[in-house]
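Residue-level listing of the chains:
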Amino acid sequence: MMKKLMFLAILLLGSISGRAEEASSGLTSELPDWIKSIEIHSFLSLGYVYNFNDPDSDINTQRFFDFKHDQFRVDDFQLSILNPVEEPGDAGFRVDFDAGSNIPDVIQSAGLFDDPDGEDIDLRQAFVSYNAPLGNGLTIDFGKYITHFGLEVIEGWPGFNDNYSHSYDFSFAIPFTHTGVRLSYPLSDQFSLMLMAVNGWDKVDDNNDTKAVGGQIGFFPMEDVSIYFNYIGSPEQDDNDDDWRHLFGVTWVAKPFATALPDLTFSGTYDYGTEANVGADGGNAEWHAAEAVLRYDFTSKFYLAVRADVMADEDGARITPGISQTVWAFTVTPTFLLTENLVVRPEFRYDQSDEDVFEDDDGTFTEDSQTTIGVNAIYYF
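What comes next is a walk through the structure.

The subject of this paragraph is the overall build of the protein chain. Summing up its helical and strand segments, the protein chain has four helices and 16 strands in all. A compact globule built from 381 residues should have a C-alpha radius of gyration of about 21 Å, and the protein chain, at 22 Å, falls within 12% of that. Considering only C-alpha atoms, the protein chain reaches an extent of 70 × 55 × 50 Å along its principal axes. Each of the 381 residues in the protein chain was classed as buried or not, and the buried ones make up 47%. Total accessible area on the protein chain stands at roughly 17600 Å², and carbon and sulfur atoms take up 60% of it. For the protein chain, the distance from the average site of its 21 positive side-chain charges to the average site of its 65 negative ones is 7 Å.

Tyr 168, Ile 232, Leu 247 and Met 311 are the most contacted members of the largest nonpolar core, which totals 29 residues. Sorting the residues of this core by element identifies α3 (103–107), α4 (168–173), β7 (191–198), β12 (285–299) and β14 (325–337) as the ones contributing at least two each. When residues of this core are assigned to their parent elements, the largest contribution, four residues, is made by α4. When near neighbours in sequence (up to four residues on either side) are disregarded, Ile 232 contacts Phe 149, His 178, Met 196, Val 198, Trp 201, Ala 212, Val 213, Gly 214, Arg 245, His 246 and Leu 247. By size, the runner-up hydrophobic cluster in this structure holds six residues, among which are Phe 43, Leu 82, Val 343 and Ile 378.

Turning to the packing of aromatic side chains, a few remarks are in order. Counted under the stated rule, the structure contains 19 aromatic pairs. These aromatic residues form a ring-pair network of at least three members: Phe 64, Phe 65, Tyr 168, Phe 170, Phe 172 and Phe 176. The ring of Phe 127 has Arg 182 lying over it, and the distance from NZ or CZ to the ring centre is 5.7 Å. A cation over an aromatic ring shows up here: Arg 318 above the ring of Trp 287, its NZ or CZ 5.0 Å from the ring centre.

This brings us to the pattern of salt bridges. Within this structure, the stated rule accounts for 16 salt bridges. The salt bridge partner of Arg 307 is Glu 152, with a shortest N-O separation of 2.8 Å. Here Glu 152 lies in the loop between β5 (138–146) and α4 and Arg 307 lies in strand β13 (residues 302–313), a separation of 155 residues in the sequence. For Arg 307, a relative accessible area of 0% translates into the label buried. For Glu 152, a relative accessible area of 7% puts it in the buried group. Among the charged side chains, a network of salt bridges with common partners joins Arg 63, Asp 66, Arg 349 and Asp 351.

One non-glycine residue, Asp 202, lies in the positive phi region at around 55 degrees. Within the element layout of this structure, Asp 202 appears in the loop between β7 and β8 (212–222). In this structure, Asp 224 is a non-glycine residue whose phi angle is positive, near 70 degrees. Judged by relative accessible area, which is 35%, Asp 224 ranks as partly exposed.

Moving on, we come to a negative patch on the surface. Residues Asp 54, Asp 56, Asp 70, Asp 361 and Asp 362 make up a contiguous surface patch of negative charge. Along the chain, the position of Asp 362 falls in the loop between β15 (342–353) and β16 (369–380).

Take Arg 182: it is sitting in strand β6 (residues 177–186). Considering only alpha carbons, one finds Arg 182 and Tyr 145, 37 residues apart in sequence, at a separation of 9.1 Å. If near-sequence neighbours (up to four positions away) are discounted, Arg 182 is found in contact with Phe 127, Thr 139, Ile 140, Asp 141, Tyr 145, Ile 146, Met 194, Leu 195 and Met 196.

As a further point, take the environment of Ile 146. Within the element layout of this structure, Ile 146 appears in strand β5. For Ile 146, a relative accessible area of 22% translates into the label partly exposed. Distance from Ile 146 to Ile 121, taken between C-alpha atoms, is 16 Å for residues 25 residues apart in sequence.

On the surface, Leu 183, Leu 187, Phe 191, Leu 193, Leu 195, Ile 217 and Phe 229 cluster together into a nonpolar patch covering about 590 Å² of accessible area. When residues in the nonpolar patch are grouped by element, the largest group, three residues, is from β7. Here Ile 217 is to be found in strand β8. Of the residues examined, Ile 217 reaches a relative accessible area of 42% and is grouped as partly exposed.

Bringing the side chain of Asp 313 into the picture now. Take Asp 313: it is sitting in strand β13. Although buried, Asp 313 forms no salt bridge, and the nearest oppositely charged side chain, Arg 318, lies 6.4 Å from it.

Once that is clear, we can look at the side chain of Asp 122. For Asp 122, the position within the fold is in strand β4 (residues 121–132). The exposure class assigned to Asp 122 is buried, which follows from its relative accessible area of 0%. When neighbours within four sequence positions are excluded, Asp 122 is seen to be in contact with Asp 96, Phe 97, Asp 98, Pro 104, Ile 107, Gln 108, Ser 109, Leu 112, Phe 113 and Lys 144.

So, how was this worked out
Residues numbered from 1 in each chain as written. Predicted model: local features only at pLDDT ≥ 70, side-chain atom pairs only at ≥ 80, totals over all residues. Heavy atoms only, no water. Helix = DSSP H or I, 4+ residues; strand = E, 2+ residues; numbered from the N terminus. Rg over C-alpha atoms; globule rule 2.2 N^0.38 Å. Buried < 20%, exposed > 50% of the residue type's maximum accessible area, 1.4 Å probe, protein only. Areas by Shrake-Rupley, 256 points an atom, 1.4 Å probe, with all protein chains shown as cover. Lys, Arg positive; Asp, Glu negative; His and termini not counted. Charge placed at Lys NZ, Arg CZ, Asp CG, Glu CD. Core = buried A, V, L, I, M, F, W, Y, C linked by side-chain atoms within 4.5 Å. Contact = heavy atoms within 4.5 Å. Phe/Tyr/Trp six-rings, centres within 6.5 Å; stacked < 30°, edge-to-face > 60°. Lys NZ or Arg CZ within 6 Å of the ring centre and 35° of its normal. Salt bridge = Lys/Arg side-chain N within 4 Å of Asp/Glu carboxyl O. Patch = residues over 30% accessible without salt bridge, like charges linked within 9 Å, V, L, I, M, F, W, Y side chains within 5 Å.

In structure tokens, the structure reads:
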């Protein structure tokens, strides 16, 4: 399957490249506008992580994308083809294809490339868009797309996080993707609104008969301050339309001292979730997760990001099934922009739980903490 997808991608790239050569020969007028507006982007992430616990399984406990100990990894290769919608009346699409040893297998949705013995590939996003000429422009997306929750993103060419590893909020508290329909509307310069109806959390094939509903309110009170209020609700258990999962969140990005310290950015998120009848004791479950990141750009080629995050999995439903715990982490990531397209970032991270959940070198889970160091290299265009 992976070879077929790569072959098709190469054919498409060749076709577009050939069209571009024709355009440069003076045949631009023969190309339809929609072809001339197509964009192609790519992203490659490579990484290495060393865990001082030296876990016997070579798995870094409670880590998502950087889960392998003492191994060089191809985290992800992403190829994106899109025709963005910018003005009312525009129609377009976006397709993101991923292959790699870390990210694709983790973010796969139920019903699409989710075979446990399958290849490490994923169709991260695939949707069509139409900017309906209503008021300021109502954008309608139909297909599979990234969630609106959380501060951090599944990294790719449009942008990557300030830290290499991901927070507990990103990894365990929120969904990755949704499949369905999404409506977005800019109410004004200060407010935006998004509503959606989807199959649920990380599902191409729904596992029950009730759709998820969600939304976002964006608030931009002043320059350099963005605040987003998020919600999604749905039953997520197999063949069960009664026991709902609700998730509420707020995310912010701000420059709190824009005049005195214009290169300092303070960002963060808080998410609260609850779900009926999935707790370790069979009752309802609740979880809270929060993170805060301080980033300072010392130069145009170097910045330092410091993150603190915490998650309370009060009923053992989200992090390690059956274990109620509160866990926190502290992460320091200096980032070097070597060229316009090449980024290198070493990282130090410390995780601490109030339970013994981290693996030791003898294969037992008898540690309440783990310390890792790593390095990540990114090339994108």
